[in-house]
Amino acid sequence: MTEWEKAQAGYLYDANFDPEIVQKRTRCADLCYEFNHCKPSDTQAQQRLLHQIFGEIKGDIVVTAPFYCDYGFNISVGNNFYTNHNCTILDSAKVEIGDSVFLAPNCVISTAGHATDPLQRSQGLEFAKPIRIGNHVWIGANVSVRSNLSHKITTFRKQTPG
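A brief look at the structure comes next. Along each chain, numbering runs from 1 in the same order as the chain's sequence is written. The predicted origin of the model limits local features to residues at a pLDDT of at least 70 and limits the giving and counting of side-chain atom pairs to 80 or more, whereas totals for whole chains, interfaces and linings rest on all residues. Note that the side-chain values use all heavy atoms of the structure and ignore hydrogens as well as water.

**Some thoughts on helix α3 (residues 43-53)**
Note the threshold: Think of it in three bands: residues with accessible area under 20% of the maximum for their type are buried, residues over 50% are exposed, and the middle band is partly exposed, with areas taken using a 1.4 Å probe on protein chains only. By the criteria applied, helices consist of DSSP H or I runs no shorter than four residues and strands consist of E runs no shorter than two, each listed in order from the N terminus. This arc corresponds to the set of directions leading from the helix axis out to the C-beta atoms. Between two residues, a contact is recorded if the distance between any of their heavy atoms is within 4.5 Å.
Buried within α3 are the following residues: Ala45, Gln46, Leu49, Leu50 and Ile53. Down the axis of α3, the smallest arc covering the buried residues is 135 degrees, so these residues share one side. As for α3, its buried residues are in contact with α2 (19-36), β2 (56-57), β3 (61-63) and β4 (67-69).

Take a look at the structure:
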C-alpha cells in the first residue's frame, strides 16, 4: 500500500518524504501561489485556477485571496460557495462542502491529524479523516474545523415564527 493509499484509508502515513505526495502538494502550492497573485479584478484567471485546484465545483463560487490548500483535488464545493480572506483547507482526505456555505476570514478546515505517540509523531507520521459540511452553513471568523469528530456540520434550518 502506498503512502497516499494509506492516507485515503485513514491510516498513519508519511506525508513528508513520499515523492508522490510531495509532488501533489507542490503542484497545488504552485496553483495557489498563482491564484493568490491574480489581480482582484481578474476573475477569469481566478476561476480558471480554482477549476484546476478543486476536484469538483458544482456552481458559482467566490474565493477571496489569499487561499491555501494541500492538494485541492480532494475538495468538492457546492453552488454559491464563498470564502473570505485567508482560508486554509488541509485536504489530505476528502472535504465535501455543500451549497450556500460561507466561510468568514481566517477559517481553517483540516482533515489532517498527527500521531499521538511521540515516537511516531517525531517520525512525521500523520493521518487524515474526511470532513463533510452540509448546505446553508455559515462558519464564523477564526474557526478551525477539524476531522476526527463524531459528527458532521449539517444544514442549518431557519425556524419560522410560530
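**So, the pairing of strand β12 (residues 125-128)**
Put simply, the rule is: Being paired, for any two strands, means DSSP has found at least two bridges between them.
With burial as the criterion, each face of β12 is covered, one bearing Leu125 and Phe127 and the other bearing Glu126 and Ala128. Bridging between strand β11 (residues 112-114) and β12 involves three bridges; their strand directions are antiparallel. By the bridge assignment for β12, His114 is matched with Glu126.

**Considerations on the packing of aromatic side chains**
Put simply, the test is: Any Phe, Tyr or Trp ring, taking Trp's six-membered ring, that has another such ring centre within 6.5 Å forms a pair; planes under 30 degrees apart are called stacked, those over 60 apart edge-to-face, and the others tilted.
Using the criterion set out here, one finds four aromatic pairs in the structure. An angle of 65 degrees between the planes, with centres 4.9 Å apart, marks the rings of Trp4 and Tyr71 as edge-to-face. Here Trp4, found in helix α1 (residues 3-9), pairs with Tyr71, found in the loop between β4 and β5 (75-77); they are 67 residues apart in sequence, far enough to count as distant. For the pair shown, Trp4 and Tyr71 are each scored as buried. For the ring pair Trp4 and Phe73, a centre distance of 5.7 Å and an interplane angle of 65 degrees mean the geometry is edge-to-face. You can see Trp4 sitting in helix α1 and its partner Phe73 sitting in the loop between β4 and β5, a full 69 residues away along the chain. Joined through ring pairs, the aromatic side chains of Trp4, Tyr71 and Phe73 make up one cluster.

**Looking at the side chain of Ser110**
Note that Ser110 resides in strand β10 (residues 108-110). When its relative accessible area of 8% is taken as the criterion, Ser110 is described as buried. Ignoring sequence-local partners within four residues, the contact set of Ser110 consists of Leu90, Ile131, Val145, Arg146 and Ser147.

**Quick look at the packing of α2 against α3**
Pairs of packed helices are described in terms of their axes, by the angle between the two and the distance that separates them. Note the threshold: Angular values range over 0 to 180 degrees, each being the angle between N-to-C directions of two axes fitted as lines to C-alpha atoms, with helices fitted over their stretch in contact. An angle counts as roughly parallel when it lies under 35 degrees, as roughly antiparallel when it exceeds 145, as roughly perpendicular when it falls between 65 and 115, and as oblique in every other case. Handedness of a helix crossing follows the sense of rotation of the near helix relative to the far helix, less than a right angle counterclockwise being left-handed and clockwise being right-handed. For this scheme, ten residues count as nonpolar: Ala, Val, Leu, Ile, Met, Phe, Trp, Tyr, Cys and Pro. Four count as charged, namely Asp, Glu, Lys and Arg, and the remainder, Gly too, count as polar.
Where α2 meets α3, the closest approach of the two axes is 10 Å, and the angle between their N-to-C directions is 165 degrees. When the axis of α2 is compared with that of α3, the two are roughly antiparallel. Like other packed secondary-structure pairs, α2 and α3 cross with a definite hand, here left-handed. Residues Arg27, Cys28, Leu31, Cys32, Glu34 and Phe35 of α2 touch α3, and the partners they reach there are Gln46, Arg48, Leu49, Leu50, Gln52 and Ile53. The residue makeup of the contact of α2 with α3, split by class, is seven nonpolar, two polar and three charged.

**Description of the sheet that holds β10**
With respect to topology, four strands assemble into an open sheet ordered β4-β7-β10-β15, the strand pairing being parallel. With one partner strand each, in any of the chains shown, β4 and β15 (144-146) form the two edges of the open sheet. Each strand axis lies, on average, 5 degrees off the axis of its neighbour in the sheet, ignoring direction. Pairing analysis gives three bridges linking β4 to strand β7 (residues 87-90), with the strands arranged parallel. Counterpart to Cys69 in the pairing with β7 is Ile89.

**Comments concerning the pattern of salt bridges**
How we decide: For salt bridges, the criterion is a side-chain nitrogen of Lys or Arg within 4 Å of an Asp or Glu carboxyl oxygen.
Counting across every chain of the model gives four salt bridges. Between Arg48 and Glu34 there is a salt bridge, and its shortest N-O distance comes to 3.6 Å. Taken together, the positions of Arg48 in helix α3 and Glu34 in helix α2 put the pair 14 residues apart, joining distant regions of the chain. What makes Arg48 partly exposed here is its relative accessible area of 42%.

Worth remembering: the numbers are spatial, not functional.
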